[in-house]
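Commentary on secondary and tertiary structure
Each chain is listed here by its residues.
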Amino acid sequence: MRIAVFASGTGSNYEAIMKYFQDHQIDDAEVVMLFSDHPGAAVLDKARNWNTPTVSAKFRDFSDKQAYEKFILQELDRFQVEFIVLAGYLRLIGSTLLDRYLGRIINIHPSLLPAFPGKDGVGQALAAKVQETGVTIHFVDQGMDTGPIIAQKVIPVELDDNHNSLTQKIQQVEHQLYPEIILAFVRGQVTLTDFGVLWNDSKSRS
Ligand code: GRF
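These remarks concern the structure in this document. (Residues numbered from 1 in each chain as written. Predicted model: local features only at pLDDT ≥ 70, side-chain atom pairs only at ≥ 80, totals over all residues. Heavy atoms only, no water.)

Moving on to the environment of Gly134. Inspection of the secondary structure puts Gly134 in strand E6 (residues 132-139). A sequence separation of 66 residues divides Gly134 from Tyr68, and the C-alpha atoms of the two residues are 32 Å apart. Apart from residues no more than four positions distant in its own chain, Gly134 is found in contact with His109, Pro110, Ser111, Leu112, Lys153, Val154, Ile155 and Ile170. (Helix = DSSP H or I, 4+ residues; strand = E, 2+ residues; numbered from the N terminus. Contact = heavy atoms within 4.5 Å.)

The following block contains the structure:
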């Protein structure tokens with residue numbers, strides 16, 4: 001399956017996916033392009049190191065969201081992308097992309113959704129003084145971090161946790177969980193249906 005990763009920032013999740021695919025000798029899925037809305041993002045350097053083709057384009061260079069997403073669609077077509085993985089992509093996906101890729105776009109968020117959506121899920125959890133937070137992977141819909149949930153992992157918040165320590169714990173979990181869920185999708189073990197997320201355990205896991 002031909003995968004595009006969308007990222008705006010540092011790209012530790014992108015890199016974790018690439019490492020996982022390499023370490024597990026995955027041959028039924030390939031990251032064929034990386035898209036960024038920030039031409040200076042560190043993730044683009046990481047992609048070049050991994051020989052992933054990159055495309056970057058600033059939203060403000062287009063007349064509106066539709067024009068921006070039409071450009072992205074053209075690039076996705078050029079690379080024959082079948083599945084989009086958002087990994088720290090900071091823009092809301094609009095209807096132009098969703099119409100084509102609904103059920104084939106997933107996102108990772110650093111909280112137990114529906115708690116603490118949007119910006120700084122880690123900071124929101126600390127400010128709320130919750131005992132537990134975590135990681136959520138979900139299908140993307142029109143909303144901000146609102147799509148049907150595929151997988152979640154709980155992470156305890158310790159009294160002495162700060163933004164940095166909690167981010168590290170969350171990212172450690174993300175880097176393991178995201179590649180696993182991506183592969184589950186690639187292998188048809190999880191799909192989005194009209195009734196919600198369907199896990200099909202009869203398909204082989206490896
Ligand atoms: C991750 O924590 C992810 O949950 C959130 O953005 C962060 C991206 O980090 N959506 P990185 O760029 O992959 O290091």
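All told, the structure shown has six salt bridges when counted by the stated rule. Across the pair Asp28 and Arg187 runs a salt bridge, and its minimum N-O distance is 2.9 Å. Within this pair, whereas Asp28 is found in the loop between helix H1 (12-23) and strand E2 (30-36), its partner Arg187 is found in the loop between helix H6 (163-186) and strand E8 (190-193), the two being separated by 159 residues in sequence. Overall, the relative accessible area of 22% leaves Arg187 in the partly exposed class. Taking the shortest distance from any N to any O, the salt bridge between Arg100 and Asp77 comes out at 2.5 Å. One end of the pair, Arg100, is in helix H4 (residues 95-101); the other, Asp77, is in helix H3 (residues 65-78), with 23 residues separating them in the sequence. (Salt bridge = Lys/Arg side-chain N within 4 Å of Asp/Glu carboxyl O. Buried < 20%, exposed > 50% of the residue type's maximum accessible area, 1.4 Å probe, protein only.)

Attention now goes to the site of the ligand. Taken together, the residues surrounding the ligand are Thr10, Gly11, Ser12, Asn13, Gly88, Ile108, His109, Pro110, Gln171 and Glu174. Here an oxygen atom of the ligand sits 3.4 Å away from a polar atom, N or O, in the side chain of Gln171. Contact distances for the ligand include 2.4 Å between an oxygen atom and a side-chain N or O atom of Glu174. In the complex, 84% of the free accessible area of the ligand, which totals 370 Å², lies under the protein chains. Secondary structure elements with two or more residues in the shell around the ligand: H1, strand E5 (105-109) and H6. (Near = heavy atom within 4 Å. Polar contact = N/O pair within 3.5 Å; in protein donor to acceptor, adjacent residues only side chain to side chain. Areas by Shrake-Rupley, 256 points an atom, 1.4 Å probe, with all protein chains shown as cover.)

Once that is clear, we can look at the sheet that holds strand E4 (residues 83-86). Here we have seven strands laid out as an open sheet, ordered E3-E2-E1-E4-E5-E6-E7, and mixed in their pairing. Each edge of the open sheet carries a strand with a single partner, namely strand E3 (54-56) and strand E7 (149-156). Going across the sheet, the axis of each strand differs from the next one's by a mean of 20°, ignoring polarity. With three bridges connecting them, E4 and E5 associate as parallel partners. Bridge pairing in E5 links Leu86 to Asn107. Against the sheet, H1 touches strand E1 (2-6), E2, E4 and E5, its axis set at about 170° to E2. In the packing of H6 onto the sheet, the strands contacted are E1, E4, E5, E6 and E7, and the crossing angle to E6 comes to about 25°. (Pairing = 2+ DSSP bridges. Axes fitted to C-alpha atoms, helices over the stretch in contact; angles between N-to-C directions.)

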